Amino acid sequence: MFQPEFQAVVLAAGKGSRMPEITSGKPKCLLPVGTKPLVWYPLHKLQKSGFTDVILVVLENYKSDIQATLDKTELEIKIDYFPISGKEDLGTADSLRLLHDRLKSDVLVISCDFITDFNLKGVLDLFRMHDASVASLFFHPHAGENLLIPGPKSKHKPERDLVGIDVQTNRLVFLASASDFESELSLPRSLLKKHTHIKMHSNLVDSHVYVIKNWVIKYLNSQPNFSTIKGELLPHIVKKQLSKPPKVVEGKSIVSKCDSEDIFNYAKEDPFSIIIRDSSSYNDHIGDSKPTYHGDSIRCYALLAPRDSFGVRVNTLASYWAINSKVSEKWDKITNGLNLVLKHPTSENKSSQVDDKCVIWEGAKLHEKTSFKNSIIGANSEVCSFSRVFNCIVMNNVTIKEKVALENCIVSDGVTIEKGCQIKGCLIGSHHLVPENSEHSQEVLTDSDRLMEF
């Protein structure tokens, strides 16, 4: 049976815990972004990168909804759905561990909330070039925009990591959360001796795109305490680059038998590859007489995308709001020129005032004498006469009655807004009923009991 060089895994079982106001009762991966659900973007990127099939990890109770939605998007990539229980709070590494029996090749892991115009071939080639254990993709931060985000005014602090990259070799030599350090950072002398040109970054965007050697998956399966890839598994692997295999005395390891799950029992290189490398004139460093890669069998790499590349994790309200303001503008580069259909042919539009920045999903009904600017109107939603919707994201099965003014809002699935309401800068949670003639500004409107259920 043909075994592919890489297997692709998209992690889409996250519950959207950082934005529960709009993900309660709805899988995060189905949030509308422009004309497509969020998970469509990494799947389309994999398809354009040459992958013919992908394993999509989803929550069991949302599998049918996700599959029905993606079946309508005309993706050509074959999707193998892998449902997991939502009863436990599983991390990204936990999901990979559950998959280990299916993963026979090296693995490309990508999050369902990642949108980019960057070609994934770059990080795959870096992995191939050095026969790496792990290769990851980072982006320079983009200049912040003063976007007025719906809901109460608050400061949105991005995650900060400390990332150390050898500028000569692209070796990823240090990775940790910035919150673990207050004012000082000490680096091991052994690290500085081996990597003399390290550049430390504190503001890179971790794409959560990882190319992982198959032996790392096997090692992960033996380590039940690792729950996340970024926070636990990857820093551990990066740190282990500085370690050396246990010494062997008379054919036996000096470590105890119970330590048989040591990482170096998994990180064994093919002897033929070592012979080829030793006979080559190639070396990845200068200034000493050490062998290529300093003899390391564990090697981690980081690819820093060019500054003009676009890459964003849609994992906060701020990033979700921002990507919807940019996606039409960046559509051509994100999709490699795919035709952008702003108004679905099954929508019913009787309004004469819909600007060219609006996205109208299937089954939506826009009555006459309505006005729309820079907004998304989700599937099977209805906006009645004498209402206006400006700069809003309206999700699926929403009913907006007569004489409603909606501006700078996110409206979740199943919401009903009764007639005469004036709402500005609000987050409206799923299936919430906004009473007639209500006025709200910069608030979260939701049924708290329903929100707590999720």
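Scoring rules and cut-offs
- Residues numbered from 1 in each chain as written.
- Predicted model: local features only at pLDDT ≥ 70, side-chain atom pairs only at ≥ 80, totals over all residues.
- Heavy atoms only, no water.
- Buried < 20%, exposed > 50% of the residue type's maximum accessible area, 1.4 Å probe, protein only.
- Helix = DSSP H or I, 4+ residues; strand = E, 2+ residues; numbered from the N terminus.
- Pairing = 2+ DSSP bridges.
- Right-handed = clockwise from strand over helix to strand, strands pointing away.
- Core = buried A, V, L, I, M, F, W, Y, C linked by side-chain atoms within 4.5 Å.
- Contact = heavy atoms within 4.5 Å.
- 1 Å grid on protein atoms, 1.4 Å probe; cavity = no way out; pocket = protein on both sides within 12 Å on 5 of 7 lines; lining within 4 Å.
- Points joined across faces, edges and corners; volume = space filled by probe spheres on them.
- Nonpolar A, V, L, I, M, F, W, Y, C, P; charged D, E, K, R; others polar.

### So, the pairing of strand β4 (residues 53–59)
Summarising burial for β4: six of the seven residues are buried, a large majority. Sheet topology note: the strand β1 (residues 6–12)/β4 ladder contains four bridges and is parallel. Bridge pairing in β4 places Val9 opposite Ile55. The sheet contact formed by β4 and strand β5 (residues 78–84) spans seven bridges and is parallel. What sits directly across from Leu56, in β5, is Tyr81. Since β4 and β5 lie parallel, the crossover through helix α3 (residues 63–71) that links them has a hand, and here it is right-handed.

### Some thoughts on the nonpolar core
Residues Val39, Leu46, Leu56, Ile115, Leu137 and Tyr320 are the most contacted members of the largest nonpolar core, which totals 109 residues. Setting aside residues up to four positions removed in sequence, Tyr320 forms contacts with Met19, Ile22, Leu31, Pro32, Val33, Val314, Ile393, Met395 and Ile410. In terms of nonpolar packing, the next biggest core, distinct from the first, is built from 24 residues, Ile360, Leu366, Leu406 and Val411 among them.

### So, helix α2 (residues 40–48)
Within α2, eight of the nine residues are buried, which leaves the element mostly enclosed by the surrounding structure. For α2, the full list of buried residues reads Trp40, Tyr41, Pro42, Leu43, His44, Lys45, Leu46 and Gln47. Positive backbone phi, approximately 100 degrees, marks Gly50, located one or two places after α2.

### Considering empty space enclosed by the protein
Across all of its chains, the model carries two cavities of 30 Å³ or more by this definition. What the largest cavity holds in volume is close to 40 Å³. Looking at the lining of the largest cavity, the elements with two or more residues in it are β12 (205–212) and α8 (229–240). No other element matches the four residues that α8 contributes to the lining of the largest cavity. Considered as a void within the structure, the second largest cavity measures approximately 30 Å³ in volume. Surrounding the second largest cavity, Tyr41, Pro42, Lys45, Ile110, Phe114, Ile115, Thr116 and Ile334 form its lining. Taken together, the elements giving at least two residues each to the lining of the second largest cavity come down to α2 and β7 (114–116). Broken down by class, the residue content of the lining of the second largest cavity amounts to six nonpolar, one polar and one charged.

Keep in mind these values describe shape, not function.
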